Amino acid sequence: MKEERKTTETEIKLSLNPRGSGKYKFDTQIPFFDHMLSHVSKHSLMDLDLWLRGDIEIDCHHSVEDTAILMGSTLHKLLGDKSGIRRYGHFTLPMDEVLTTVAVDLGGRFFFKYSGPELTGKFGIYDAELSLEFLQKFALNAKMNLHVKVHYGENRHHIHESIFKGFGKALRMAMEIDPQSAGSIPSTKGVLE
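Keep in mind it's a predicted model, so treat the numbers as computed, not measured. Residue numbers restart at each chain and count upward from 1, following the sequence in its written direction. Only residues with pLDDT of at least 70 get local features here, since the model is predicted, and only at 80 or more are side-chain atom pairs given and counted; chain-wide, interface and lining totals rely on the full set of residues. Only hydrogens and water are removed before side-chain values are computed, so all heavy atoms of the structure are retained for them.

Labels follow the DSSP assignment, with helices taken as runs of H or I lasting at least four residues and strands as runs of E lasting at least two, numbered in each case from the N terminus. Here the expected length of a helix is defined as 1.5 Å per residue gap, with one fewer gap than residues. Taking 1.5 Å per residue, 13 residues should reach 18 Å; helix H3 (residues 130-142) reaches 18 Å between its end C-alpha atoms and fits that length. To sort residues, take the accessible area from a 1.4 Å probe on protein chains only and compare it with the maximum for the residue type: under 20% means buried, over 50% means exposed, and anything in between is partly exposed. Among the residues of H3, those classed as buried are Leu 130, Ser 131, Glu 133, Phe 134, Leu 135, Lys 137, Phe 138, Ala 139 and Ala 142. Pairs of residues are marked as contacts when any of their non-hydrogen atoms sit within 4.5 Å. Those residues of H3 hidden inside the fold are in contact with helix H1 (31-44), helix H2 (61-79), strand E7 (111-115), strand E9 (126-127), strand E10 (145-152) and helix H4 (156-175). Looking at the residues trailing H3, positive phi occurs at Lys 143, about 55 degrees.

Shown next as structure tokens:
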């Protein structure tokens, strides 16, 4: 599905396929953001093509936030009534000295919780705290619960990579078609938003 978003702060063109093979292509002008998104795409098996222009002369906040809004809302549309999916996904990811757990519920309600070391500093022009902004806005617009816990870790780069890789893995599990469900909606209510 191809979607676009244009504001006075950003212009974004996105193509997203949740049933892909993890192919990605980025042109965002924010190298560290590209690096983190590549992990989401590769480990969720979502195909992702993203072109982004934003007011990065100020900072990267609007660019990262608006990308998350568009990605989350596009994924929500693509999953439709969510019939046949597993709905829940979780993954505990070790990355060298870091251990991170990510859990997802695609049940149609928003909640986001992060616990772990404070994400501070910069990676090039990318402010580390933007990772939480991205995850929160993605979860809000995808209408999902998203819980991220960094159990321990020291290297800032490894911590970020473990979060985004774990997110991709948990998302993949939650989006996956459950062959035993016979296409039913994974809720006793019979409907998911």
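On we go.
Glycine aside, the phi torsion of most residues is negative, and most peptide linkages are trans. The phi dihedral of Leu 45 is positive, around 65 degrees, even though this residue is not glycine. As for its position among the elements, Leu 45 is in the loop between H1 and strand E4 (47-54). You can call Leu 45 partly exposed: its relative accessible area is 27%. Here Lys 82, not a glycine, exhibits a phi torsion of approximately 70 degrees, which is positive.

We now examine the environment of Val 104. Note on placement: Val 104 falls in strand E6 (residues 98-105). C-alpha separation for the pair Val 104 and Ile 69, spaced 35 residues apart in sequence, amounts to 17 Å. Sequence-distant contacts of Val 104, defined by excluding residues within four places in its chain, comprise Arg 87, Tyr 88, Gly 89, Met 144, Asn 145, Leu 146, Phe 167, Ala 170, Leu 171 and Ala 174.

Our next topic: the environment of Ala 174. Among the secondary structure elements, Ala 174 is positioned in helix H4. When the C-alpha positions of Ala 174 and Val 150 are compared, they lie 20 Å apart, and in sequence the two are 24 residues distant. Other than its neighbours up to four places away in sequence, Ala 174 contacts Ile 85, Arg 86, Arg 87, Tyr 88, Gly 89, Val 104 and Leu 106.

Everything listed here is a matter of geometry and, on its own, says nothing about what the molecule does.
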